[in-house]
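Close look at the chain arrangement
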Amino acid sequence: MPNRPTVAEQAARGRTDRRKAERRAGLFRLRGPIPDSIFTSAGFVVPAMIVIVWLAVTAMGLVRPLFLPSPLAIVEEAWRQISTGVLFSDAAVSTYRIMVGWLAATVLAVPTGILMGNFRIFEGALEPLISTVRYMPVVALIPLSILWAGIGDEQKILILFLGTFFQMALMIMDNVKSIDINLIRAGQTLGFSNTEILWRIILPAALPGIWDTFRITVGWTWTYLVVAELVAAQTGLGRRIMDAQRYLATDTIIFGALFIGLLGLITDYLFKRFGRTLFRWTADR
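Model, not experiment: these values are computed from the prediction.

The rules behind each value
- Residues numbered from 1 in each chain as written.
- Predicted model: local features only at pLDDT ≥ 70, side-chain atom pairs only at ≥ 80, totals over all residues.
- Heavy atoms only, no water.
- Helix = DSSP H or I, 4+ residues; strand = E, 2+ residues; numbered from the N terminus.
- Buried < 20%, exposed > 50% of the residue type's maximum accessible area, 1.4 Å probe, protein only.
- Areas by Shrake-Rupley, 256 points an atom, 1.4 Å probe, with all protein chains shown as cover.
- Salt bridge = Lys/Arg side-chain N within 4 Å of Asp/Glu carboxyl O.
- Axes fitted to C-alpha atoms, helices over the stretch in contact; angles between N-to-C directions.
- Left-handed = near helix turned anticlockwise from the far one by under 90°.
- Contact = heavy atoms within 4.5 Å.
- Nonpolar A, V, L, I, M, F, W, Y, C, P; charged D, E, K, R; others polar.
- Core = buried A, V, L, I, M, F, W, Y, C linked by side-chain atoms within 4.5 Å.
- Expected span 1.5 Å × (residues − 1).
- Bend = angle between axes of the 7 residues up to and from the residue.

**Here we look at the overall build of the protein chain**
Each helix and strand in the protein chain was counted, giving twelve helices and zero strands. In the protein chain, the order of α-helices and β-strands from amino to carboxyl end is α-α-α-α-α-α-α-α-α-α-α-α. The buried share among the 285 residues of the protein chain stands at 34%. Of the accessible surface of the protein chain, which amounts to about 18100 Å², a share of 67% is contributed by carbon and sulfur atoms.

Shown next, in the form of structure tokens:
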């Protein structure tokens, strides 16, 4: 009668089979690590392929320049705006509006979301209203924003605030509610007051999620920039795009959209870097 493999032999064979399967999976292993060089390079491959296809399509004349200018025309437009100083002045004004609008939304959304996430009475009172308003199109609120705040920077900041606050409040509520209830019960068992549980248990546990909410919502604020600068703006990246639309300056429109995306990407990267520094224990997520 053949000898049956021992438990240790079966475990060793299982580990060997798993290693072989992981090697076969390679870069496509489920949640598996890959070299940093490959990870970084992959982020350049897809954009490079899109630019190559774009360049080929425009060079062969498959699309009229009015509808899709060549990448070289976009580069020329970028240099024109840089050399004249228009790009940096527009970027400075738009960044100021973005930051003020987002910070105003954050200052109010954080306590609102924390209250709704911890106290059912606040969730019942505020969640239906906030959930309803967040589905309202921001563009439809432009006439009211002009009536309330005029046509200066305050109106643009108000639009950015309205486009960010309601989603942020609900996301922070979910961040807080995702904390393990057993942690809260442990604090109650130790005799902590509600304030102590909030400051010593809930907020430290929820802060990584709240920081991710900040990163996501500041990206949303960038997407509302053109809407915010739609009315009576004299400067700004969104205003430049709207002016270009009147004259069918497609190269200006595409460059403006790409530049706003680049600024949003830089903002997202900075939030990620600061998040990894502040919350080192979440770096492996």
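Now that the structure has been shown, we can carry on.
**Some points on the pattern of salt bridges**
In the structure shown here, the tally under the stated rule is ten salt bridges. With its nearest N and O atoms 3.1 Å apart, the salt bridge here joins D243 to R239. Note that D243 and R239 are positioned in helix α11 (residues 237–246) at a spacing of four residues, about one turn of the helix. A relative accessible area of 25% means that D243 is categorised as partly exposed. Residue classification places R239 among the buried residues on the basis of a relative accessible area of 7%. Where salt bridges share partners, they join D212, R215, D268 and K272 into one cluster.

**Considering the packing of helix α4 (residues 86–118) against helix α9 (residues 194–223)**
Look at α4 against α9: their axes get within 10 Å of each other, and the N-to-C directions meet at 145°. Here α4 and α9 pass one another in a crossing that is right-handed. Residue-level contacts link T95, I98, M99, W102, T106, V110, I114 and N118 of α4 to L198, I202, L203, F214, T217, V218, T221 and W222 of α9. For the contact of α4 with α9, the per-class residue count stands at eleven nonpolar, five polar and no charged.

**So, α11**
Turning to α11, its buried residues are L237, G238, R239, I241, M242 and A244. Close packing links the buried residues of α11 with α4, α10 (225–228) and α12 (250–278). Of the residues trailing α11, L248 is marked for its positive phi of about 55°.

**Observations concerning the nonpolar core**
Within soluble globular proteins, side chains that are nonpolar tend to cluster in buried spots. Counting residues in each nonpolar core, the largest one holds 32 residues, and the members touching the most others are F165, I172 and F214. Considering each element in turn, this core owes the most residues, eleven residues, to helix α7 (residues 153–177). Sequence-distant contacts of I172, that is, excluding residues within four places in its chain, are made with A109, V110, G113, I114, I210, T213 and F214. With 21 residues, the next largest nonpolar core counts I159, V227, L237 and I241 among its residues.

**Examining helix α5 (residues 120–133)**
Look at α5: 20 Å from first C-alpha to last across 14 residues, which is about the 20 Å you get at 1.5 Å a residue. Most pronounced at L126, the bend in α5 amounts to some 40°, and the proline P128 follows within four residues. Buried residues of α5: E123, I130, S131 and V133, and no others. Those residues of α5 that are buried are in contact with α4 and α7.

**Overview of unusual backbone geometry**
Glycine aside, a negative phi is what most residues show, and trans is what most peptide bonds show. One non-glycine residue, L248, lies in positive phi territory at about 55°. On the secondary structure map, L248 appears in the loop between α11 and α12.

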